[in-house]
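# Overview (structure and organization)
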There are 4 protein chains.
Amino acid sequence: MNVMVWYENQPLPQDVEGERCTYPEGIQGALGHLFAGQPDMRVRTAVMQDAYQGFHPDDLRWADVLVYYSHKHWRDVEDVHVDALQERVLEGMGLVLLHSAHASKIFSRLMGTRTNLLNWHEDGEGQRVWIVNPAHEIVKGLDVQSFTIPEDETYCEYFHIPQPEEQVLLTTSESGDVFRSGCCWTRGKGKIFYFSAGHETYPVFYQKEVVQIILNAVRWANRGAGLNI
Amino acid sequence: MNVMVWYENQPLPQDVEGERCTYPEGIQGALGHLFAGQPDMRVRTAVMQDAYQGFHPDDLRWADVLVYYSHKHWRDVEDVHVDALQERVLEGMGLVLLHSAHASKIFSRLMGTRTNLLNWHEDGEGQRVWIVNPAHEIVKGLDVQSFTIPEDETYCEYFHIPQPEEQVLLTTSESGDVFRSGCCWTRGKGKIFYFSAGHETYPVFYQKEVVQIILNAVRWANRGAGLNI
Amino acid sequence: MNVMVWYENQPLPQDVEGERCTYPEGIQGALGHLFAGQPDMRVRTAVMQDAYQGFHPDDLRWADVLVYYSHKHWRDVEDVHVDALQERVLEGMGLVLLHSAHASKIFSRLMGTRTNLLNWHEDGEGQRVWIVNPAHEIVKGLDVQSFTIPEDETYCEYFHIPQPEEQVLLTTSESGDVFRSGCCWTRGKGKIFYFSAGHETYPVFYQKEVVQIILNAVRWANRGAGLNI
Amino acid sequence: MNVMVWYENQPLPQDVEGERCTYPEGIQGALGHLFAGQPDMRVRTAVMQDAYQGFHPDDLRWADVLVYYSHKHWRDVEDVHVDALQERVLEGMGLVLLHSAHASKIFSRLMGTRTNLLNWHEDGEGQRVWIVNPAHEIVKGLDVQSFTIPEDETYCEYFHIPQPEEQVLLTTSESGDVFRSGCCWTRGKGKIFYFSAGHETYPVFYQKEVVQIILNAVRWANRGAGLNI
């Protein structure tokens, strides 16, 4: 399974103390190492500063699943790359969108809504993630009804998405917010998972439950060979 | 539109101080008055102590929508009445289940799951109800993203239901619980709405947002004449 | 309820014998008369040759529901109007798309897929429309499991749409095709219904079952006043 | 992965010429051989004439997925076994129901509807199976938009099921019927797939596309170890 990780990488992590300390090789580096350690995965990583803003046609063709992390510079991705991403998803490339990638043009494009719209506050609150579809492949191996993330940015409804085809996770914050945090859709032959955890200044992507969910999601989103139609 | 209200009525409200004070004519009385005041609704009310445990065949045939409230004595409803209720829902009678009616045999029967299973604590916590499907008829007229209920019993996930066909509402509690609180399904020609608000000792059914949701739900659940098939 | 009808109107119906004979006032005229005859509806009609290509901002603001019919010239609608249409749907304007409007930019935009992709042949085959969600408001009043359309263009799977939130109708053709022909989605506060019947050279929009479905759909898509959020 | 195959086996296949010739070891034998040939599957088979009507508690505990085939004697399965089956599905045992198992008590129990209701005729018509969710794991490896089954019993709408959570397949017959033939649901931790192909007197379960779908479905329905909640 070919997994590509793309990171916005702006501002550069070295200019953000929290991020530099938490993810010294960048988020693409941390996630890249995670996938590289799996026996069934090969990995490539890219950032917005690369050629084609990191969406090289060869890489997109190569990828079975794209793991995508962006934040405030989502407007800077050129439409020509969004077109190419959409085409590849419709052809069957899985797409796993993490945290602030909710605002990305590709997510809005695939959903038909203003996915950048949600409520948020960034104060390192504790979060509790609730499993509401315990049959789902994406929560395989999690032997709990819920788990906590000690500190993260808080996202809150109303989140401007179409109703998920499968609602897997909800997240609540200490101060009483709620968010549809783990959501599945399909578009054409592509499977899409959005997961809201993981602000870049907290070590969320090292937490074992989060790691399990992301690995499960990548495997779920991998449609595999033998594409029909 | 013919609306029937059924209440378990056990223990008798006069033996429960909170309920006696809040709903002096019982919950069936309070809801009955609400519906009777609508120009498009006719009402009948029944309780478990009536003939046929309140499910008289003539009333079930008459009803376009049944509003159902039960609590701990859900096991006492005889299966022959559950059979009749299921038959009528499949034929097109709408069903609006309130609060502790989640445990009712008819709800489990229609869902195929153990709908009595959820987490709960009864300490009059404040609740916040979030609208996550703002296009839905059931939230028509609510000009808010969320509203609060000052005091109610708290319900919490995991709630043992199939994924709702339409998830309209989520509820959080002050102490950090979350619940899929407003959920739609169809079975045969029948439309089903479950709404978790309204413990019998709090005046929740007098609150204007809750009233609006219940009235909308009854109208949504009314399939109307001209049943096909 | 304010209903706006928009028609591509290209080629001009007077240049298409079948259309000129069947809909002498154009499809916008035929549908406009239908809605104007309803006690609860006010109507405006527009065509692509009008100012703003028929999407005047005042009309879009006025409309509770837009009924949209386009065909081969769907590429000619300027993106600025597609932007305005999407904005209004997300704000709560209902959208009923008929027949060849599947290819419209606004439908693709809201779905995130290539909705222009389907199989088709135009030879006036008989069609059979099957009701697979008999509880749905859109089939209210239809006392049948299926009905036939004597002659229409044939559409066939694979139809490049996300799974409908509610699948109401399927259509089969005499020669063995099948199509997901009546499909509901929501985007933001807007409700969307696509219905595949009604090639412009057949009198499909005069058939009573089709009329019933379109009227039901317009009423279902009308979110009404009191928009929240 | 532990796969259990259960067959009604009534009338005995030796008394039905078509079945005896097509499946000399019974359908449980044919399916059992199929699964036994897979490197990731272990198999047990049972029939209604066995102890516990073939639903031995040890076998149900052992099974990760149950493949279930019944026909006209569905009423003979005792409710105590239906209770046990439902319990195991809710706990996470996958359930793959084939063809006339639509009428089984366990399917009705899990759906909440009269799943025995559908239209049918048994005259060996050709069937065409259409893939309408090409992203789904259950159609992995099928490089087509549709495929044909030369001869089978015909099932037709209206099929009395709740809307599938995922509609994967539709089937049309030569004479113009249509059926929602490949349908997914979840109940509790259990994943459920119904597939309508495979009357016992036709060699449908030897056809490569059908084999692929059944193998994919068993793998999809296998929730695996580490059950949560």
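Residues numbered from 1 in each chain as written. Chains lettered and ligands numbered in written order. Predicted model: local features only at pLDDT ≥ 70, side-chain atom pairs only at ≥ 80, totals over all residues. Heavy atoms only, no water.

## Focus on the packing of helix 2 (residues 26-36) of chain A against helix 6 (residues 208-221) of chain A
Packed helices, taken two at a time, are described by their axes: the angle between them and the distance between them. Residue and element names in this part refer to chain A. Relative to each other, helix 2 and helix 6 sit at 70 degrees, their axes nearing to 11 Å. Overall, the two elements helix 2 and helix 6 adopt an arrangement that is roughly perpendicular. In this structure, helix 2 crosses over helix 6, and the sense of that crossing is right-handed. Contacts between helix 2 and helix 6 involve Leu31, Leu34 and Phe35 from the first element and Val211, Ile214, Leu215 and Val218 from the second. Split by residue class, the contact of helix 2 with helix 6 holds 7 nonpolar, no polar and no charged. (Axes fitted to C-alpha atoms, helices over the stretch in contact; angles between N-to-C directions. Helix = DSSP H or I, 4+ residues; strand = E, 2+ residues; numbered from the N terminus. Parallel < 35°, antiparallel > 145°, perpendicular 65-115°, else oblique. Left-handed = near helix turned anticlockwise from the far one by under 90°. Contact = heavy atoms within 4.5 Å. Nonpolar A, V, L, I, M, F, W, Y, C, P; charged D, E, K, R; others polar.)

## Concerning the sheet that holds strand 3 (residues 65-69) of chain B
Sheet strands pair by backbone hydrogen bonding; their relative direction is either parallel or antiparallel. Residues and elements named next belong to chain B. Taken together, the 9 strands give an open sheet; going across it, the order is 2-1-3-4-9-8-7-5-6, and neighbouring strands pair in mixed fashion. Taken across any chain shown, the strands that pair with only one partner, and hence form the sheet edges, are strand 2 (42-47) and strand 6 (146-156). Put simply, the sheet's adjacent strands are angled 25 degrees from each other on average, direction ignored. For strand 1 (residues 2-7) and strand 3, the ladder comprises 5 bridges, and the chain directions are parallel. Paired with Met4 across the two strands is Leu66, which belongs to strand 3. (Pairing = 2+ DSSP bridges.)

## A closer look at the packing of aromatic side chains
Residues and elements named next belong to chain A. Enumeration over the complete set of coordinates arrives at 52 aromatic pairs over all chains. Aromatic side chains Tyr69 and Phe205 sit 6.0 Å apart centroid to centroid with 85 degrees between the ring planes, which places their arrangement in the edge-to-face category. Of this pair, Tyr69 sits in strand 3 (residues 65-69) while Phe205 sits in the loop between strand 9 (190-195) and helix 6, placing them 136 residues apart in sequence. When its relative accessible area of 1% is taken as the criterion, Tyr69 is described as buried. (Phe/Tyr/Trp six-rings, centres within 6.5 Å; stacked < 30°, edge-to-face > 60°. Buried < 20%, exposed > 50% of the residue type's maximum accessible area, 1.4 Å probe, protein only.)

## Side note on the interface of chain D and chain C
Listed as interface residues are 21 residues of chain D and, on the opposing side, 21 residues of chain C. Approximately 1600 Å² of surface area, both sides summed, lies buried where chain D meets chain C, with 58% of it carried by carbon and sulfur atoms. In terms of surface lost to chain C, no three residues of chain D exceed Trp130(D), Tyr158(D) and Gln163(D), which account for 32% of the buried area on that side. Our count for the contact surface shared by chain D and chain C stands at 0 salt bridges. Between the two partners, chain D and chain C, sit 10 residue pairs in polar contact (both at pLDDT 80 or more). The set of elements that each furnish at least two residues to the side of chain D that touches chain C consists of strand 5 (119-131), strand 7 (166-173) and strand 8 (178-187) of chain D. In terms of residues, the side of chain D that touches chain C owes the most to one element, strand 7 of chain D, which gives 4 residues. Within the side of chain D that touches chain C, the residues separate by chemical class into 9 nonpolar, 7 polar and 5 charged. (Buried area = accessible area lost by both parts, 1.4 Å probe. Salt bridge = Lys/Arg side-chain N within 4 Å of Asp/Glu carboxyl O. Polar contact = N/O pair within 3.5 Å; in protein donor to acceptor, adjacent residues only side chain to side chain.)

## Details of the side chain of Glu153(A)
All names here are of chain A. Here Glu153 shows up in strand 6 (residues 146-156). Nearest to the buried, unbridged Glu153 among oppositely charged side chains is Lys72, at 7.9 Å. Separated by 2.8 Å, the side chains of Glu153 and His99 make a polar contact. Among the polar contacts listed, one links the side chain of Glu153 to the side chain of His199, at a separation of 2.8 Å. Apart from residues lying up to four places away in sequence, Glu153 is in contact with His99, Trp120, His121, Glu122, Gln127, His199 and Tyr202. (Lys, Arg positive; Asp, Glu negative; His and termini not counted.)

## Some remarks on the interface of chain D and chain A
In this assembly, 25 residues from chain D lie in contact with 25 residues from chain A. Between chain D and chain A, the buried area comes to about 1900 Å², and carbon and sulfur atoms account for 46% of it. Joining chain D to chain A, the criterion identifies 2 residue pairs in polar contact (both at pLDDT 80 or more). Partitioned by chemical class, the residues of the side of chain D that touches chain A number 9 nonpolar, 9 polar and 7 charged.

## Description of the pairing of strand 8 of chain D
Residue and element names in this part refer to chain D. Across the 10 residues that make up strand 8, a large majority, 10, are buried. Bridge count for strand 7 against strand 8 is 6 bridges, and the pairing is antiparallel. The partner of Gln167 across the bridge, within strand 8, is Cys183. Hairpin connection from strand 7 to strand 8: 4 residues lie between these consecutive antiparallel strands, with Gly176 at a positive phi of about 100 degrees. Alignment of strand 8 against strand 9 (residues 190-195), held across 6 bridges, turns out to be antiparallel. The residue of strand 9 that forms the bridge with Trp185 is Ile192. The turn linking strand 8 back onto strand 9 is made up of 2 residues, and Gly188 within it adopts a positive phi angle of 60 degrees.

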